[in-house]
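# Descriptive structure summary
Spelled out, the chains give:
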Amino acid sequence: MFALWILSGLGITAGYHRMFSHRAWWAAKPVRVALLIFGAAAWQNSVIAWSAGHRYHHRDVDTDDDPYTITRGFWYAHMLWVIIKGNRHDDFDNVPDLWKDPLCAWQHKHYNAISIAFNLGVPLLLGVLTGNILGMLLWAGLLRIVFVHHATFFINSLAHMWGSRPWTQEHSARDNAVLAFFTFGEGYHNFHHTFPGDYRNGVRWWQFDPTKWLIWTLDRVGLATNLKRSSFDRRLRRRWSHLHERYQEQRVHWEEQLQAQFDEACARFESALDEARALHRDLSRRAEELHTEAARELRLARREAERRVLAEFREFKRMLNESSQLAPTIA
Ligand SMILES: [Zn+2]
Ligand SMILES: [Zn+2]
């Protein structure tokens, strides 16, 4: 199962995708035939149908004309596009080069036969050899197809949602090392959408891209030709302009943040000032009230004191009168 998984996976990545859809490399006839058969074994349609859809995906990425557009959500990009067919599901006009290629035309014409023959024949043969026909049909046939399908589907769905965008933010494609691990290197999707003509998806030597290593090895042994690489200069310029755009975005973000913090501080200062003014008004009013009250009490106290002094004075006068009336009597 493992070997068949690798073969049909590479049939899609090295064959359908990088060679026939993007023409990022070319190979000797036996290699092309093998890749077309292994690609058919992945049960993802003929190379002509697959490449037509994929070329529209690149040309119209993130629009309604993208056959597996991520703008309609994860599940649509992942697998619903197979069922709910988009605008261009049977439009194969964008692959005239493949129609003209006798091998591709042959594979398109006999796709079902090749696919069934491989997916039933090889597991059956392995089953007879190992004595476990049902297990082989299930593992090397069905489960392997499901596994390769979801790996490809994840490139259309997760690789447009999850990961980094080190090359450009102009499209939704992401670089994701985890996805690259399960998809023979196809996870470096931000690079791939930015430089689709490059036979590598993981452009750096250390990035996990077995498809790139296979193509490179085939080239070394003389079975591959015309390996296309994006120039260092173009990559450097792309990276520089991307970093510059990110810096500008970051700067605008910082400026907005600073402005927001400044506005907030101003608002806090204004409200503190309003509170201080209100407190000052309260204190003034209270002082006024206290002053009025004190003045009233003072007035009352003064009146009371006057009243007492007058009363004392009258008493004193009355006592004086009494004593002056008593004086002759004593004399
Ligand atoms: Zn894509
Ligand atoms: Zn592509």
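Not measured: the values here are computed from a predicted model.

Moving on, we get to the domain arrangement of the protein. What the domain assignment reports for the protein is domain 1 (2-230) and domain 2 (231-331). Here the C-alpha centre of domain 2 lies 78 Å away from the C-alpha centre of domain 1. Tallying the contact residues gives four residues for domain 1 and six residues for domain 2. In terms of residue class, the side of domain 1 that touches domain 2 is built from one nonpolar, three polar and no charged.

Looking now at the UniProt feature "coiled-coil region" (unreviewed entry) in the protein. Look at the UniProt record and you will see "coiled-coil region" (unreviewed entry) annotated at residues 244-304. The span residues 244-304 is 100% helical and 0% strand by assignment, and the distance between its end C-alpha atoms comes to 89 Å.

Bringing the confidence of the model for the protein into the picture now. Of all residues in the protein, 98% have pLDDT values of 70 or greater, and the mean over the chain is 92. Ranking the elements of the protein by mean pLDDT puts helix α8 (residues 133-156) last, at 83, and helix α11 (residues 210-220) first, at 98.

Time to look at helix α7 (residues 111-130). Taking 1.5 Å of rise per residue, the 20 residues of α7 would be expected to cover 28 Å, and the 28 Å separating its terminal C-alpha atoms lies within 8% of that figure. Listed in full, the buried residues belonging to α7 are Tyr 111, Ser 115, Phe 118, Asn 119, Pro 123 and Leu 126. Taken together, the buried residues of α7 touch α2 (29-41), α6 (102-109) and α8.

Note on placement: His 22 falls in the loop between α1 (2-21) and β1 (26-27). C-alpha of His 22 to C-alpha of Tyr 199: the two residues are 177 residues apart in sequence and 8.4 Å apart in space.

With that settled, the discussion passes to the environment of Asp 66. Relative to the assigned elements, Asp 66 resides in the loop between α3 (47-59) and α4 (74-83). Ignoring anything within four residues of it in the chain, the contact list for Asp 66 reads Tyr 56, His 57, Asp 60 and Val 61.

Rules used throughout
- For every chain, the first residue of its written sequence is number 1, and the numbers climb from 1 along that sequence.
- Chain A is the first chain written and ligand 1 is the first ligand written, with later ones labelled in order.
- Residue-level local features of this predicted model are given only where pLDDT is at least 70; pairs of side-chain atoms are given and counted only at 80 or more, and the full residue set underlies all totals for whole chains, interfaces and linings.
- By convention here, the domain bounds are inherited from an automatic or database domain assignment.
- Here, residues touch in the contact sense if the C-beta positions derived from the backbone fall within 7 Å of one another.
- Think of it as three bins: nonpolar holds Ala, Val, Leu, Ile, Met, Phe, Trp, Tyr, Cys and Pro, charged holds Asp, Glu, Lys and Arg, and polar takes everything else, Gly as well.
- UniProt positions are given in the numbering used here, feature names are shortened, and annotations may be inferred rather than shown by experiment.
- Per the convention used, a helix needs a DSSP run of H or I reaching at least four residues, while a strand needs a run of E reaching at least two, with both numbered from the N terminus.
- Confidence of the prediction at every residue is given by pLDDT, a number between 0 and 100.
- Expected span of a helix: the number of residues minus one, times 1.5 Å.
- Exposure classification rests on a simple neighbour count of other C-beta atoms within 10 Å of a residue's own: a residue reaching 20 or more is buried, one at 12 or fewer is exposed, and one in between is partly exposed. C-beta atoms are placed from the backbone.

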